[in-house]
Structures are given as C-alpha cells and as structure tokens.
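Examination of the molecular architecture
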Amino acid sequence: MGKGIGCKIYENCGRDCTHCTAEEAKKKAKRMQPRKATIFEGTQAEKLAAKGLKNYETYKCPICNWIVADRSVLGIRISNYCENCGQALETEITKE
C-alpha cells in the first residue's frame, strides 16, 4: 500500500480507486445533524434587512450549506439526505 496505490488519500493523485470511493461513501453514510440557520447569511442577510424583508429560519446541510428542510402545513420536514452532496441527515428536529 502507501503512495503506490494511486488514490486521493495518498498525495491527491487525481486517479479514482475503489478505496477512495468507499471511504467517501462511509463518511456520507454517517448521519449528521442539520445546521439551523437563516435562509440568507452574511452580506445577503444585511441587504435583506436593509430593505425591510424577512429572513426565515431553516435547516441546512452541515457539509455543503444546502437547504434541506421543507415547510408545509404539517410543519418542517427534513429529508433523509442532502440533495446537493448526498450527506445522510438526522430527520428528527430537537426542540430548543
């Protein structure tokens, strides 16, 4: 093993191998808690506030910052995985 196997883990060689693919899949399969945040953050949130518009709270993927929650009549529903990067997510929302 080591540097000769041609894998992203060893010196980012750029070639694909089954070891890298399996390691990345294991990371994404581990369920993570979505991050509670507002829809717009940073300078976008400041511009929204300056115009007097509301910035709603939602849940975002902890890896890629994609919105993972849907609001409906029944409340907020979090999907099982992020549609952008594929990260597995906890679907239970803890009450704060």
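The rules we used
- Residues numbered from 1 in each chain as written.
- Predicted model: local features only at pLDDT ≥ 70, side-chain atom pairs only at ≥ 80, totals over all residues.
- Heavy atoms only, no water.
- Core = buried A, V, L, I, M, F, W, Y, C linked by side-chain atoms within 4.5 Å.
- Buried < 20%, exposed > 50% of the residue type's maximum accessible area, 1.4 Å probe, protein only.
- Contact = heavy atoms within 4.5 Å.
- Salt bridge = Lys/Arg side-chain N within 4 Å of Asp/Glu carboxyl O.
- Helix = DSSP H or I, 4+ residues; strand = E, 2+ residues; numbered from the N terminus.
- Patch = residues over 30% accessible without salt bridge, like charges linked within 9 Å, V, L, I, M, F, W, Y side chains within 5 Å.
- Areas by Shrake-Rupley, 256 points an atom, 1.4 Å probe, with all protein chains shown as cover.
- Polar contact = N/O pair within 3.5 Å; in protein donor to acceptor, adjacent residues only side chain to side chain.
- pLDDT = per-residue confidence, 0-100.
- Pairing = 2+ DSSP bridges.

Concerning the nonpolar core
In this structure, Tyr59, Cys61, Val68, Ala69, Ile78, Cys82, Cys85 and Leu89 together form the largest nonpolar core, which totals 8 residues. Ignoring sequence-local partners within four residues, the contact set of Cys82 consists of Cys61, Cys64, Trp66, Val68, Gln87 and Leu89.

Focus: the pattern of salt bridges
Considering all chains together, one arrives at 4 salt bridges under this definition. The shortest N-O distance in the salt bridge between Glu57 and Lys36 comes to 3.6 Å. Linking Glu57 in strand β2 (residues 57-60) with Lys36 in strand β1 (residues 35-38), this pair joins segments that are 21 residues apart in sequence. Given a relative accessible area of 43%, Glu57 falls into the partly exposed group. Of the charged contacts, one joins Asp70 and Arg77 as a salt bridge, the two residues approaching to 3.0 Å between their closest N and O atoms. Classification of Asp70 as partly exposed rests on a relative accessible area of 41%. Salt bridges linked by common partners bring Arg35, Glu41 and Lys60 together as one network.

Comments concerning a nonpolar patch on the surface
A cluster of nonpolar residues, Ile39, Phe40, Tyr56 and Ile67, forms a patch on the protein surface that exposes about 340 Å² of accessible area. Here Ile39 lies in the loop between β1 and α2 (43-50).

Considering the side chain of Gln87
Along the chain, Gln87 turns up in the segment after β4 (75-78). Judged by its relative accessible area of 4%, Gln87 is buried. Reaching out from Gln87, the side chain makes a polar contact with the backbone oxygen of Lys30 at a distance of 2.7 Å. Excluding residues within four positions of it along the chain, Gln87 makes contact with Lys27, Lys28, Lys30, Met32, Cys61, Ile63, Asn80, Tyr81 and Cys82.

A closer look at the side chain of Lys60
Turning to its location among the elements, Lys60 is positioned in strand β2. Once you skip the residues sitting within four places of it in the chain, Lys60 turns out to touch Pro34, Arg35, Ala37, Thr38, Ile39, Glu41, Asn65, Trp66, Ile67 and Val68.

Things to note about the confidence of the model for the protein chain
Per-residue pLDDT for the protein chain averages 77, and the proportion of residues at 70 or more is 76%. At the level of individual helices and strands, the protein chain shows its lowest average pLDDT in helix α1 (residues 18-29), which scores 74, and its highest in β2, which scores 89.

Quick notes on the pairing of β4
In this structure, strand β3 (residues 69-72) lies alongside β4, joined through 4 bridges in antiparallel fashion. Bridging across to β4, Ala69 finds its partner in Ile78. Taking the residues that link successive antiparallel strands as the turn, the β3-β4 hairpin has 2 residues.

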